[in-house]
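Results of the structural survey
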Amino acid sequence: MTAPRKLHIKSYGCQMNVYDAQRMVDTLAAEGFVETASADDADLVILNTCHIREKASEKVYSELGRLRQAKDDAARDGRAMTIAVAGCVAQAEGEEIVRRAPVVDVVVGPQSYHHLPQLLARARTDGVAIETEFPAEDKFGVLPQPKPEAIRARGISAFVTVQEGCDKFCTFCVVPYTRGAESSRPVGKVIDDVTRLADHGVREITLIGQNVNAYHGEGPDGRSWPLGRLLERLASIPGIMRLRYSTSHPRDVDDSLIEAHRDIPAVMPFVHLPVQSGSDRILAAMNRRHTAADYCAVVDRFRAVRQDIAFSSDFIVGFPGETGEDFCATLALVTQIGYAGAYSFKYSPRPGTPAAEMREMVSAAEMDERLARLQELIDSQQSAFNTAAIGKTVDVLFERGGRYDGQIVGRTAYLQPAHVMAPNDIIGQVIPVKIDSLERYSLLGELAAPVSRPAQSPVTIGA
Ligand code: SAH
Ligand code: SF4
Ligand code: F3S
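So, a few notes on the structure that sits alongside this text. Values in this document were obtained by computation on a predicted structure and should not be read as measured data.

**Structural notes on the overall build of the protein chain**
A count of helical and extended segments in the protein chain gives 15 helices and 19 strands. Against the 2.2 N^0.38 benchmark of 23 Å for 463 residues, the protein chain shows a C-alpha radius of gyration of 23 Å, consistent with a compact globule. Along the three orthogonal principal directions, the C-alpha set of the protein chain runs to about 75 × 60 × 50 Å. Every one of the 463 residues in the protein chain was classed for burial, and the buried ones make up 51%. Across the protein chain, contacts joining residues at least 24 apart in sequence account for 71% of those joining residues at least 6 apart. For the protein chain, the accessible surface area stands at approximately 21,200 Å², while carbon and sulfur atoms represent 52% of it.

Rendered as structure tokens:
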């Protein structure tokens, strides 16, 4: 028997890249690869890249510089190391990557990674293999399912892609170009994936898509199902305790989604709803096709059905032409909504996007100043939100052991990490926790209800 080949994979960017990386591992496991934590002893290194901002995409080249050294060292030891670039930089730059970094053997776009085994073979015979087409067949129909051991090793919370691509064409964004046109997976396939995950211990599912609430997969009745209906169906799968979805666009929030939050306890009351800016002038220049007031109205629709719902968002500061007044409108919107947390970024011009042609650049110093002010406001809201949990009893889904002996870590409905001292067998259960204090971003507390144990005879230690 030959020794298994070692695979090291590193992901950048969004949750979908994390999910895609797992599916690449599953694909290559079927070819005899096992994962290794270090690039140095790997036979195959995959960088699963992100193109969203210049910094993200340039990181890949510095990593490739380091890998050149590792590949040379391996060659000196008589080992061949193959280097592949996957993800959104692969899609956007294609063969340019090999020109800039000849150390790369394989370039594979996000719609083609199910072809990795063939591409590796092609690279062996031809020296290099590049595939960045959007193939007609659906990769999900071909990808092997994860093995039960792999599902269990990944823990009790899992991502499932249900939708991919985006047709919104915000003027700053590369995603419509790197991930292609919006498409949804059929309901039946999603049910199969979630059932399999639940059968092997997964208790929380996050449905992911670049614009996940544009979901319109074909249902078993032949009709197109909206996201709310999909959530309702998935909530009935035995073992599934919590459902989340990310990322949503404010324009695609329909009644089915609002009703899902109203009617389905498994749908968590925490919504990531990016707005980008609070200025209508900038929102129009971004081609967001909603105003600040439209966004607030969407938030109100959610709040009308679930008072305990909380929101997070994404913001861009320094979009071309953003004035001090526009920026103040963003601060005003943040104050009006009151977020549990949010990500904020300095605008980064991306090749090929309409905004990259816009001339009125905001100076670097102004961008820095605006980013700092926005982050300060968001941080104060996040810390107020976390502090408000102290003294309350909240449901926590326990996920894993903590840093100390006897400590177990879980998450609240709002994804706040929560730590308790408790027996290991609470992992995978939702248990109320009385929160006593806050340590940085983590809540500390104690179990507020007896642990429910499966009916079985007590285990006698040492018997
Ligand atoms: N819908 C996607 C959004 C991905 S991009 C998802 O599934 O997450 C995540 C965030 O990056 C965007 O919401 C936006 O705030 C930010 N972003 C996108 N393009 C950017 C750019 N050119 N410069 C700065 N930030 C950008
Ligand atoms: Fe990019 Fe999101 Fe806009 Fe689509 S909706 S173009 S993914 S920012
Ligand atoms: Fe980045 Fe592509 Fe995700 S550009 S954010 S990896 S969709």
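**A look at the site of ligand 2**
Taken together, Cys166, Lys168, Phe169, Cys170, Phe172, Cys173, Val175, Pro176, His249 and Arg288 make up all the residues around ligand 2. Across the shell around ligand 2, the residue classes break down as 7 nonpolar, 1 polar and 2 charged.

**What about the site of ligand 1?**
Taken together, the neighbourhood of ligand 1 is formed by 14 residues, with Arg53, Gln210, Gln276, Asp314 and Ser348 sitting nearest. A distance of 2.5 Å is found between a nitrogen atom of ligand 1 and a backbone nitrogen or oxygen belonging to glutamine 210. With the chains in place, 87% of the 550 Å² that ligand 1 exposes on its own is no longer accessible. When contributions to the shell around ligand 1 are tallied by element, the ones reaching two or more residues are β13 (310-317) and β14 (341-346). Per-class residue counts for the shell around ligand 1 are 5 nonpolar, 5 polar and 4 charged.

**A word on the nonpolar core**
Membership of the largest hydrophobic core comes to 53 residues, with the highest contact counts inside it found for Ile205, Leu207, Tyr245 and Phe302. Once residues within four sequence positions are removed from consideration, tyrosine 245 is found in contact with Thr206, Leu207, Val212, Leu227, Leu231, Leu257, His261, Val267, Val271 and Phe302.

**Quick word on the sheet that holds strand β19 (residues 442-447)**
Taken in spatial order, the 5 strands line up as β15-β16-β17-β19-β18 and close into a barrel, and their pairing is mixed. Pairwise comparison of adjacent strand axes, ignoring direction, gives a mean angle of 55° for this sheet. Inspection of the sheet shows strand β15 (residues 393-401) paired to strand β16 (residues 407-411) by 4 bridges, in the antiparallel sense. Paired with leucine 397 across the bridge in β16 is arginine 411.

**Some thoughts on the layout of surface pockets**
Within this model, the second largest pocket holds a volume of roughly 420 Å³. Forming the walls of the second largest pocket are 18 residues, and the residues nearest its centre are Arg53, Glu54, Lys55, Lys346 and Ser348. Contributing elements (two or more residues each) for the lining of the second largest pocket: α2 (54-76), β14 and α15 (364-387). The element best represented in the lining of the second largest pocket is α2, accounting for 4 residues. Here the residues of the lining of the second largest pocket are counted per class, giving 10 nonpolar, 3 polar and 5 charged.

**Quick notes on the sheet that holds strand β5 (residues 106-108)**
Within the open sheet, the 6 strands sit side by side as β2-β1-β3-β4-β5-β6. Their pairing is parallel. Each edge of the sheet is formed by a strand with only one pairing partner; in this case those strands are β2 (33-35) and β6 (129-131). Direction aside, the axes of adjacent strands within the sheet are offset by 20° on average. Here strand β1 (residues 5-11) runs beside strand β3 (residues 44-49); their pairing, made up of 5 bridges, is parallel. The partner of isoleucine 9 across the bridge, within β3, is isoleucine 46. Against the sheet, α2 engages β1, β3 and β4 (82-86), with an angle of about 175° to β3.

**Brief notes about the environment of serine 57**
By the secondary structure assignment, serine 57 is in helix α2. A residue is classified by how much of its surface remains accessible, and serine 57, at 2% relative accessible area, is buried. Taking C-alpha positions, serine 57 is 29 Å from valine 142, a pair spaced 85 residues apart along the chain. Once residues within four sequence positions are removed from consideration, serine 57 is found in contact with Cys50, His51, Val89, Glu93 and Arg350.

**Here we look at the pattern of salt bridges**
Inspection of the entire model under this criterion finds 25 salt bridges. Between glutamate 164 and lysine 139 there is a salt bridge, with the nearest N and O atoms lying 2.8 Å from each other. With glutamate 164 in strand β8 (residues 163-164) and lysine 139 in helix α6 (residues 139-142), this residue pair connects regions lying 25 residues apart in the sequence. Since its relative accessible area comes to 5%, glutamate 164 is described here as buried.

**As for α15**
Note on helix geometry: an α-helix contains 3.6 residues per turn, so any two residues three or four positions apart are oriented the same way. Its 24 residues place the ends of α15 34 Å apart at the C-alpha level, agreeing with the 34 Å of an ideal helix rising 1.5 Å per residue. For α15, the complete set of buried residues consists of Met367, Arg370, Leu371, Leu374, Ile378, Gln381 and Asn386. Where α15 is buried, its residues meet β13, α14 (324-337), β14, β18 (430-439) and β19.

**Brief notes about the environment of glutamate 149**
Relative to the helices and strands, glutamate 149 is located in helix α7 (residues 148-153). Residue glutamate 149 is classed as partly exposed on the basis of its relative accessible area, which comes to 49%. Residues glutamate 149 and histidine 200, spaced 51 residues apart in sequence, show a C-alpha to C-alpha distance of 8.3 Å.

Here is what the cut-offs are and how they apply
Residues numbered from 1 in each chain as written. Chains lettered and ligands numbered in written order. Predicted model: local features only at pLDDT ≥ 70, side-chain atom pairs only at ≥ 80, totals over all residues. Heavy atoms only, no water. Helix = DSSP H or I, 4+ residues; strand = E, 2+ residues; numbered from the N terminus. Rg over C-alpha atoms; globule rule 2.2 N^0.38 Å. Buried < 20%, exposed > 50% of the residue type's maximum accessible area, 1.4 Å probe, protein only. Contact = heavy atoms within 4.5 Å. Areas by Shrake-Rupley, 256 points an atom, 1.4 Å probe, with all protein chains shown as cover. Near = heavy atom within 4 Å. Nonpolar A, V, L, I, M, F, W, Y, C, P; charged D, E, K, R; others polar. Polar contact = N/O pair within 3.5 Å; in protein donor to acceptor, adjacent residues only side chain to side chain. Core = buried A, V, L, I, M, F, W, Y, C linked by side-chain atoms within 4.5 Å. Pairing = 2+ DSSP bridges. Axes fitted to C-alpha atoms, helices over the stretch in contact; angles between N-to-C directions. 1 Å grid on protein atoms, 1.4 Å probe; cavity = no way out; pocket = protein on both sides within 12 Å on 5 of 7 lines; lining within 4 Å. Points joined across faces, edges and corners; volume = space filled by probe spheres on them. Salt bridge = Lys/Arg side-chain N within 4 Å of Asp/Glu carboxyl O. Expected span 1.5 Å × (residues − 1).

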